[in-house]
Amino acid sequence: MTAGETRTVIPVGGESGYHVVVGRGVAAELGDALGSAVRKVLIVHAPTLGARAAALREELSDRFEVLLAEVPDAEAGKRVEVAAFCWQILGQADFTRSDAVVGLGGGAITDLAGFVAGTWLRGVRIVQLPTTVLGMVDAAVGGKTGINTNEGKNLVGVFHAPAAVLCDLELLDTLPRNEILAGFAEIVKAGFIRYPEILDLIEADPDRATDPTSPEFRRVVELAIHMKAEVVSEDFTEQGLREILNYGHTLGHAVEHAERYQWRHGAAVSVGLAFAAELGRLSGRLSDEVADRHKRVLDLLGLPTSYPAGRWNTLLATMQRDKKARAGQLRFIVLDDLAKPTVMLAPDQSLLFAAYQEIAS
């Protein structure tokens, strides 16, 4: 970090407490975050980040033995075969319980790296270095890791808290615009379930709110991380409060599965948020004003809010297999009002279908 740069430290409580550090240049803190007891480090990274991973290896080489694992990007990397490739590297390099893994990449990479670290020797140290908006505000924070199966998204996973999360905003400066906007679905979610200030900032000036160099961008990112940190601190293993983080995700995950993970997670969640708003409205819980605000904010960001009418039966079948369903009953997070999320248990299928018709194209 250069002189005068500020860093924000957001604590995540619970049994395995840690800090999320936000700022420009904070990737330089990786060595300290790994700690003095670590001897070997595996950096799990996307193909496009090979040069960055090699530079990190060079920077850390005086303190650690560093190995690199290049894995497929996005959801293609979240497969058991890819995890097994990483486990093979750890085994051949004789990684012990005192060694560490680093996740360098977007949300899918940090999910995979966290899962690999959480399952190797029943859990080794993991430091997350997310390189996308989605990774910073959601996937890398919270210790909820997972991989996909043919039957659905994130059906295999473990809860494994990171030792630290370093959100270096400089890593976002070269991201394509559509990649930044896709990550904003999770930020919008945080605005609706906890911090409406996020929505105000986006509506006031969507260009500044989505510019990685602006103070407005940093503010919405930090608010989204604060929301996740607060919820996770209280409910690490999703026994209660943490379930509100699934707002927009029940249908969103079904859309991802229907699209064979060719859609960005944020695009699918955006459709899920529009659906959840209609579900809240049609059930008599949510005012027209707040329901309509979902589409307005998502439209400002150029995110999708509709899905083909003929896909409903496929989506419903996928949702019924989703890990958020319990005892065969579907569960949806809906809003009673702005920043007032609640659980809707086993809604009538006619209500679900009616809500879907409101977003069908």
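See above for the structure.
Not measured: the values here are computed from a predicted model.

Caption draft 1: Expanded view of the overall build of the chain. When its secondary structure is counted, the chain shows 14 helices and 11 strands. Since a compact globule built from 361 residues should have a radius of gyration of about 21 Å, the 20 Å found for the chain is in line with a globular shape. The dimensions of the chain, computed from C-alpha atoms along their principal axes, are 60 × 45 × 35 Å. Per-residue burial for the chain yields a buried fraction of 58% across its 361 residues. Surface summary for the chain: the accessible area is close to 14300 Å², and the carbon and sulfur share equals 49%.

Caption draft 2: Region of the structure containing the nonpolar core. Ranked by size, the top nonpolar core spans 55 residues in total, and within it Val-20, Phe-184, Ile-187 and Val-188 carry the most contacts. Excluding residues within four positions of it along the chain, Val-20 makes contact with Thr-8, Val-9, Ile-10, Val-12, Val-141, Val-165, Cys-167 and Ile-225. Core analysis: the second largest hydrophobic core is formed by 47 residues, Val-38, Val-71, Val-101 and Leu-112 among them.

Caption draft 3: Here's a closer look at the packing of aromatic side chains. Applying the stated rule across the entire model yields 6 aromatic pairs. When the centroid spacing of 6.2 Å and the interplanar angle of 35 degrees are considered together, the rings of Phe-275 and Trp-312 count as tilted. Residue Phe-275 is found in helix α11 (residues 265-282), and its partner Trp-312 is found in helix α13 (residues 312-321); the two are separated by 37 residues along the sequence. In terms of burial, Phe-275 and Trp-312 fall into one category: buried. Relative to Phe-332, the ring of Phe-275 has its centre 5.9 Å away and its plane inclined at 55 degrees; by these criteria the two rings are tilted.

Caption draft 4: Up close: the sheet that holds strand β6 (residues 125-130). If you trace the 7 strands from one edge of the open sheet to the other, you get β1-β2-β9-β6-β5-β3-β4, paired in mixed fashion. Where the open sheet ends on each side, the last strands, each with one partner, are β1 (7-12) and β4 (65-70). This sheet shows a mean twist of 15 degrees between the axes of neighbouring strands, independent of strand direction. Relative to β4, strand β3 (residues 40-45) is paired through 6 bridges, and the arrangement is parallel.

Caption draft 5: Geometry of the pairing of strand β9 (residues 164-168). Counting buried positions along β9 gives 5 out of 5 residues, so the element sits mostly inside the fold. Alternating residues of β9 divide into Ala-164, Leu-166 and Asp-168 and Val-165 and Cys-167, and every residue in both groups is buried. Note: β6 against β9, 2 bridges, orientation parallel. Looking at the pairing, Val-127 lines up with Ala-164 of β9.

Caption draft 6: Seen up close, helix α6 (residues 177-193). With 17 residues, α6 extends 25 Å between its outermost C-alpha atoms, agreeing within 8% with the 24 Å of an ideal straight helix rising 1.5 Å per residue. Where α6 bends most, the angle comes to about 30 degrees, and this point is Ala-185. The buried fraction of α6 amounts to 15 of the 17 residues, a majority that puts the element mostly inside the structure.

Caption draft 7: Expanded view of the packing of α6 against α11. Viewed as axis vectors pointing N to C, α6 and α11 meet at an angle of 40 degrees, and their least axial separation amounts to 6 Å. Judged by the angle between their axes, α6 and α11 are oblique. In the packing of α6 onto α11, the handedness of the crossing is left-handed. Seen from α6, the contacting residues are Ala-182, Ala-185, Glu-186, Val-188 and Lys-189; seen from α11, they are His-265, Gly-266, Val-269, Ser-270 and Leu-273. Per-class residue counts for the contact of α6 with α11 are 5 nonpolar, 3 polar and 2 charged.

Caption draft 8: Summary view of the side chain of Arg-331. Tracing the backbone shows Arg-331 in strand β10 (residues 331-337). Of the residues examined, Arg-331 reaches a relative accessible area of 15% and is grouped as buried. One polar contact links Arg-331 to Glu-243, side chain to side chain, over a distance of 2.7 Å.

Caption draft 9: Layout of the pattern of salt bridges. According to the stated counting rule, one finds 24 salt bridges in the structure shown. Measuring nitrogen to oxygen at the nearest pair gives 2.3 Å for the salt bridge that ties Asp-173 to Arg-24. With Asp-173 in the loop between β9 and α6 and Arg-24 in the loop between β2 (18-23) and α1 (30-34), this residue pair connects regions lying 149 residues apart in the sequence. Take Asp-173: its relative accessible area is 38%, and that puts it in the partly exposed class.

Caption draft 10: Spatial organisation of the side chain of Thr-145. One can find Thr-145 in the loop between α5 (133-139) and β7 (147-149). Among the polar contacts listed, one links the side chain of Thr-145 to the backbone oxygen of Val-158, at a separation of 2.8 Å. Among residues more than four places away in sequence, those in contact with Thr-145 are Asp-111, Gly-114, Phe-115, Val-156, Gly-157, Val-158 and His-160.

Caption draft 11: Representation of the pairing of β2 in the model. Here β2 lies mainly inside the structure; 5 of its 6 residues are buried. Bridge count for β1 against β2 is 6 bridges, and the pairing is antiparallel. The residue of β2 that forms the bridge with Val-9 is Val-21. Counted along the chain from β1 to the antiparallel partner β2, the turn is 5 residues long, and its residue Gly-14 has a positive phi close to 105 degrees. Bridge count between β2 and β9: 5 bridges; the pairing is parallel. When the sheet's bridge partners are listed, Val-21 is paired in β9 with Leu-166.

Definitions and cut-offs
Residues numbered from 1 in each chain as written. Predicted model: local features only at pLDDT ≥ 70, side-chain atom pairs only at ≥ 80, totals over all residues. Heavy atoms only, no water. Helix = DSSP H or I, 4+ residues; strand = E, 2+ residues; numbered from the N terminus. Rg over C-alpha atoms; globule rule 2.2 N^0.38 Å. Buried < 20%, exposed > 50% of the residue type's maximum accessible area, 1.4 Å probe, protein only. Areas by Shrake-Rupley, 256 points an atom, 1.4 Å probe, with all protein chains shown as cover. Core = buried A, V, L, I, M, F, W, Y, C linked by side-chain atoms within 4.5 Å. Contact = heavy atoms within 4.5 Å. Phe/Tyr/Trp six-rings, centres within 6.5 Å; stacked < 30°, edge-to-face > 60°. Pairing = 2+ DSSP bridges. Axes fitted to C-alpha atoms, helices over the stretch in contact; angles between N-to-C directions. Expected span 1.5 Å × (residues − 1). Bend = angle between axes of the 7 residues up to and from the residue. Parallel < 35°, antiparallel > 145°, perpendicular 65-115°, else oblique. Left-handed = near helix turned anticlockwise from the far one by under 90°. Nonpolar A, V, L, I, M, F, W, Y, C, P; charged D, E, K, R; others polar. Polar contact = N/O pair within 3.5 Å; in protein donor to acceptor, adjacent residues only side chain to side chain. Salt bridge = Lys/Arg side-chain N within 4 Å of Asp/Glu carboxyl O.

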